[in-house]
Amino acid sequence: MAEEKRLMKGNEAIAEAAIRAGCSAYFGYPITPQNELTAYMAKHMLDKKRVFIQAESEVSAINMVYGAAAAGARTMTSSSSPGISLKQEGISYACGADLPCVVVNVARSGPGLGGISPGQADYFQSTRGGGHGDYFHIVLAPKSVQEAADLTYKAFELADQWRMPVMILADGLIGQMMEGVIFQPAIDPASLPRKPWATGHQADTHREINHISSIHLVPAELEASVRARFKRYDQIKAVESRYEEVNVDKAELIMVGYGTSARVALGAMELARKQGIEVGLFRPITLWPFPDKRLGELAAKGKRFLSVEMSMGQMIEDVKLAVNGKAEVSFYGRCGGMIPTEEEVLAEIRRILKK
Amino acid sequence: MELIYGHPKSLKPIQTKYCPGCGHGVIHRIIAEVIDEMGVQERSIITNPVGCSIWSDLYFDFDSVQPAHGRTPAASTGIKRMLPDHLVICYQGDGDLAAIGTAEIIHAANRGEKFTTIFVNNAIYGMTGGQMAPTTLIGQKATTAPYGRDPGEAGMGYPIQVCELLATLGGTKYLARGSVNNAANIRKTKQYIKKAFEAQLRGEGFTMVEVLSACPTNWGMQPVQAEEWLEGNMIPFYKLGEIKNTLAGSEGGTASSSTNGGAK
Ligand SMILES: Cc1ncc(C[n+]2csc(CCOP(=O)(O)OP(=O)(O)O)c2C)c(N)n1
Ligand code: SF4
Ligand SMILES: [Mg+2]
């Protein structure tokens, strides 16, 4: 039976999708603008006799995730920027121990306590391995409530497939706005295959004992383990990079934007078209791995780029790395919880194109 | 023929890296003996902390999970909630439990998480080389308390009695303090651990056994001298016994209220 379209907030859609993806344990700590997500999980996880804990801090929540993941469960935590900073310790450990989990950042604007309005200034933290050590993890950036739900299912699959934390980087606007959403059918957590590397259930198979750990005190062993992980990263880069393109063939200038910025860019594109200016949008859906190959191809075709962000310019560094000097890259951004308007972006396009 | 005494199955037959006279090895052994007696080796999981006992996963012959420093009770929470019929052992040092992980232990205890904490109190940071711990006694020297722990002018705080601190929390059902300084105390400590593990598997609530344990290396003592120091200095301050026992079928409340003949 086809699922009905429901009108929901982004935060709730992520929560519902996580439950349907077979998440059997959620751990969170209150923070705006993601509180609806935690509240939805409380109600519906407890209804389904799954595990919901309001932890004493984000530090604890991510370490509960670490434990649940080590026990083989599909597990998730969510927070917003200041709380994600606290989770970075746990994310580094989970990456070092190759534990799958889903971390949602409904980002606000910083630094420090900053404000509760939407922001994209956590790009560096999310895509560069925000904690200590040599590591990366997949980062998915939804631009709508529907995509937030779809990427949540995907996040659990990717986490299990690649044995790593997967972050959903939304922002307060995606979390708070209401749109129509159709959900995929629910998966029963009990139907998911057991993970052979996880702890527990040894009595069923009498397998060898399993250790979950990130420690390697012998430098050569640690190097070998990091190198093995980076080989996996290369495979991920080869097959998992995702993006959306709009009007890039005809465009004189291609805007690059993700999440809320991409929505603004689409609006600016329409305004430009009415004035006879053809621009396009390249929207990374995976921020790590960044879809650099395709951007490089577009650069080789002589395109020029405008990175549109809700930050002082973070993703633009990846855009520049991708085009590798072959094209001009400009920047337009607002920060502090301010969202660029379509008119502002159009004005920047006209300034760049001298039109 | 019945084997009266042998190496526990749940402990690998290898020599540990612990220093001579260290309590960790003895504590490992009695944990393993209890697990063997209960027949739950293949259902046991230990979270080994950041501290000297980070090596315990080399020695215990069952699954293990190694979390970040102090986050051991949070990780144990995640594991036990997913595997409620398993024996989950949250092994912690005094720095791990009573300094960096204070929030995690208090809230895990208060939620009544159904794992057992084995809290190894050696009054020092062993692994990092002898810094002051929250449990370091007044006057006791450490690399970061070179003139002895001074709660007064130097503002170094007072040694924390963790069992007594946790006893006020509704989620805690069994809190006992043992010591591994002599054979009699080792036997008693083993009984406490068994009681706690059995209560855990009955799903009663939070259980913890604190174990006073020597660190001759960082106390700057010979092993025998270290056991004497533990007996003469730690035991008078960290009282041995069942500090709180509200397990089903037991008489007790908290030790202070039962000795006062007070309310249960
Ligand atoms: C976040 C973090 N801070 C500090 C350390 C360094 N460190 C490792 S073990 C330890 C103290 C261990 O002392 P304790 O918990 O008493 O265990 P013991 O070695 O005495 O058994 C510290 C501070 C660390 N590994 N991680
Ligand atoms: S330093 Fe202390 S606690 Fe660590 S192994 Fe040696 S004696 Fe044991
Ligand atoms: Mg110690």
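Only a predicted model underlies this, so the values are computations on that prediction, with no experimental measurement involved. (Residues numbered from 1 in each chain as written. Chains lettered and ligands numbered in written order. Predicted model: local features only at pLDDT ≥ 70, side-chain atom pairs only at ≥ 80, totals over all residues. Heavy atoms only, no water.)

**Q** What exactly am I supposed to notice about the site of ligand 1 here?
**A** All names here are of chain B. With respect to spatial proximity, 16 residues lie near ligand 1, and among them His24, Cys52, Asp94, Asp96 and Gly126 are the closest. Side-chain polar atom of Asn122 to an oxygen atom of ligand 1: 3.1 Å apart, as the coordinates give it. Gly126 places a main-chain nitrogen or oxygen 2.8 Å from an oxygen atom of ligand 1. Relative to its free-state accessible area of 590 Å², ligand 1 is covered by the protein chains to the extent of 76%. Per-element accounting of the shell around ligand 1 gives the leading share, 4 residues, to helix H4 (residues 94–100). Split by residue class, the shell around ligand 1 holds 6 nonpolar, 8 polar and 2 charged. (Near = heavy atom within 4 Å. Polar contact = N/O pair within 3.5 Å; in protein donor to acceptor, adjacent residues only side chain to side chain. Areas by Shrake-Rupley, 256 points an atom, 1.4 Å probe, with all protein chains shown as cover. Helix = DSSP H or I, 4+ residues; strand = E, 2+ residues; numbered from the N terminus. Nonpolar A, V, L, I, M, F, W, Y, C, P; charged D, E, K, R; others polar.)

**Q** What is the right way to read the sheet that holds strand E7 (residues 241–245) of chain B from this model?
**A** Strand pairing within a sheet occurs via backbone hydrogen bonds; the two strands may be parallel or antiparallel. Pairing in this open sheet of 8 strands is mixed, and the strands run E10(A)-E2(B)-E1(B)-E3(B)-E4(B)-E6(B)-E5(B)-E7(B) from one edge to the other. What marks the edges here is a single partner per strand, and that holds for strand E10 (211–212) of chain A together with E7 of chain B. Where E10(A) lies against strand E2 (residues 63–65) of chain B, 2 bridges are found, and the strand directions are parallel. Each bridged residue has a counterpart across the sheet, and for A:Ile212 the counterpart in E2(B) is B:Val65. Across the sheet, helix H1 (residues 23–38) of chain B lies against strand E1 (44–47), strand E3 (87–93), strand E4 (116–121) and strand E6 (206–212) of chain B, angled at about 170° from E3(B), the strand it touches most. Each of E1, E2 and E3 of chain B touches helix H3 (residues 72–82) of chain B; the most contacted strand, E3(B), lies at about 175° to it. (Pairing = 2+ DSSP bridges. Contact = heavy atoms within 4.5 Å. Axes fitted to C-alpha atoms, helices over the stretch in contact; angles between N-to-C directions.)

**Q** How should I be thinking about helix H3 (residues 58–70) of chain A in this particular structure?
**A** Owing to its 3.6 residues per turn, the α-helix brings residues three or four apart onto one side. The terminal C-alpha atoms of H3(A), which comprises 13 residues, lie 18 Å apart, in line with the 18 Å expected from a rise of 1.5 Å per residue. Where H3(A) starts, the residue carrying a side-chain oxygen 3.2 Å from the main-chain nitrogen of A:Val59 turns out to be A:Ser57. (Expected span 1.5 Å × (residues − 1).)

**Q** How do you make sense of the site of ligand 2 when you look at a structure like this?
**A** Residue and element names in this part refer to chain B. All residues adjacent to ligand 2 are Tyr18, Cys19, Cys22, His24, Cys52, Asn122, Gly126, Cys215, Pro216, Thr217 and Asn218. Here the shell around ligand 2 gets 3 residues from one element, more than from any other, and that element is helix H8 (residues 216–219). Partitioning the shell around ligand 2 into residue classes produces 6 nonpolar, 5 polar and no charged.

**Q** I would appreciate a short explanation of the interface of chain B and chain A in the present structure.
**A** Size of an interface: often given as the accessible area lost when the parts come together. The partner chain A presents 33 residues to the 32 residues of chain B that form the contact. Counting the surface lost from both chain B and chain A, the interface buries some 2,600 Å², and carbon and sulfur atoms represent 62% of this. Inspection of the chain B/chain A interface yields 3 salt bridges. In this structure, B:Arg71 and A:Glu89 form a salt bridge, with 2.9 Å as the shortest nitrogen-oxygen distance. (Buried area = accessible area lost by both parts, 1.4 Å probe. Salt bridge = Lys/Arg side-chain N within 4 Å of Asp/Glu carboxyl O.)

**Q** What should I look at first to understand the coordination of the magnesium ion (ligand 3) in this one?
**A** Note on metal geometry: ideal angles are 109.5 degrees for four donors arranged tetrahedrally and 90 or 180 degrees for six donors arranged octahedrally. Residue and element names in this part refer to chain B. The protein atoms that coordinate the magnesium ion (ligand 3) are Asp94 (OD), Asn122 (OD1) and Ile124 (O), at distances spanning 2.1 to 2.3 Å. Mapped onto the polypeptide sequence, the residues donating to the magnesium ion (ligand 3) form the spacing pattern D-x27-N-x1-I. Here Asp94, found in helix H4, pairs with Ile124, found in the loop between E4 and helix H6 (162–166); they are 30 residues apart in sequence, far enough to count as distant. (Donors = N, O, S within 2.8 Å, 3.2 Å for Na, K, Ca; no water.)

**Q** Looking at this structure, I do not really get the pairing of strand E4 (residues 75–79) of chain A. What am I missing?
**A** Two faces belong to every sheet, and in a regular strand the side chains alternate between them. All names here are of chain A. When you tally the buried positions in E4, you get 5 out of 5 residues, the bulk of the element. Residues Thr75, Thr77 and Ser79 of E4 are buried on one face, and the alternating residues Met76 and Ser78, pointing to the opposite face, are buried as well. Examined bridge by bridge, strand E2 (residues 25–28) and E4 share 4 bridges and lie parallel to one another. Directly across from Gly28, in E4, lies its bridge partner Ser78. As judged from the 4 bridges shared by E4 and strand E5 (residues 101–109), these two strands associate in the parallel manner. The residue of E5 that forms the bridge with Ser78 is Val104. Running through helix H4 (residues 81–96), the crossover from E4 to the neighbouring parallel element E5 is right-handed. (Buried < 20%, exposed > 50% of the residue type's maximum accessible area, 1.4 Å probe, protein only. Right-handed = clockwise from strand over helix to strand, strands pointing away.)

**Q** Explanation requested: the domain arrangement of chain A in the structure shown.
**A** Residues and elements named next belong to chain A. Looking at the assigned domains, one finds that chain A contains domain 1 (6–202 + 213–239) and domain 2 (244–353). Each of domain 1 and domain 2 has a C-alpha centre, and these two points are 27 Å apart. Counting residues at the interface gives 31 residues for domain 1, matched by 27 residues for domain 2. When the area that domain 1 buries against domain 2 is broken down by residue, the three leading residues are Gln120, Tyr123 and Lys143, summing to 33%. Our count for the contact surface shared by domain 1 and domain 2 stands at 4 salt bridges. Counting across the interface, domain 1 meets domain 2 through 16 residue pairs in polar contact (both at pLDDT 80 or more). (Domains from an automatic or database assignment.)

**Q** Quick question: what am I supposed to make of the side chain of B:Glu104 here?
**A** By the secondary structure assignment, B:Glu104 is in helix H5 (residues 102–111). Given the relative accessible area of 2%, B:Glu104 is considered buried. Filtering out sequence-adjacent residues up to four positions away, B:Glu104 remains in contact with A:Glu56, A:Val59, A:Ser60, B:Gly70, B:Arg71, B:Pro73 and B:Ala74.

**Q** Looking at this structure, I do not really get the packing of aromatic side chains. What am I missing?
**A** In this description, a pair of aromatic rings is defined by centroid distance and the angle of the planes. Tallied over the entire structure, the rule returns 13 aromatic pairs over all chains. Their ring planes at 80° and their centres at 5.8 Å tell us that B:Phe115 and B:Phe206 sit as a pair that is edge-to-face. Taken together, the positions of B:Phe115 in the loop between H5 and E4 and B:Phe206 in strand E6 put the pair 91 residues apart, joining distant regions of the chain. Look at B:Phe115 and you get buried, because its relative accessible area is 0%. Judged by relative accessible area, B:Phe206 falls into the buried class, the value being 0%. Taken together through their ring pairs, the aromatic side chains of A:Phe136, A:Phe230, A:Tyr233 and A:Trp288 make up a single cluster. It is A:Arg163 that lies over the ring of A:Trp197; its NZ or CZ is 4.1 Å from the centre. Directly above the aromatic system of B:Trp55 lies the positively charged group of B:Lys17, at a separation of 3.8 Å from the ring centroid. (Phe/Tyr/Trp six-rings, centres within 6.5 Å; stacked < 30°, edge-to-face > 60°. Lys NZ or Arg CZ within 6 Å of the ring centre and 35° of its normal.)

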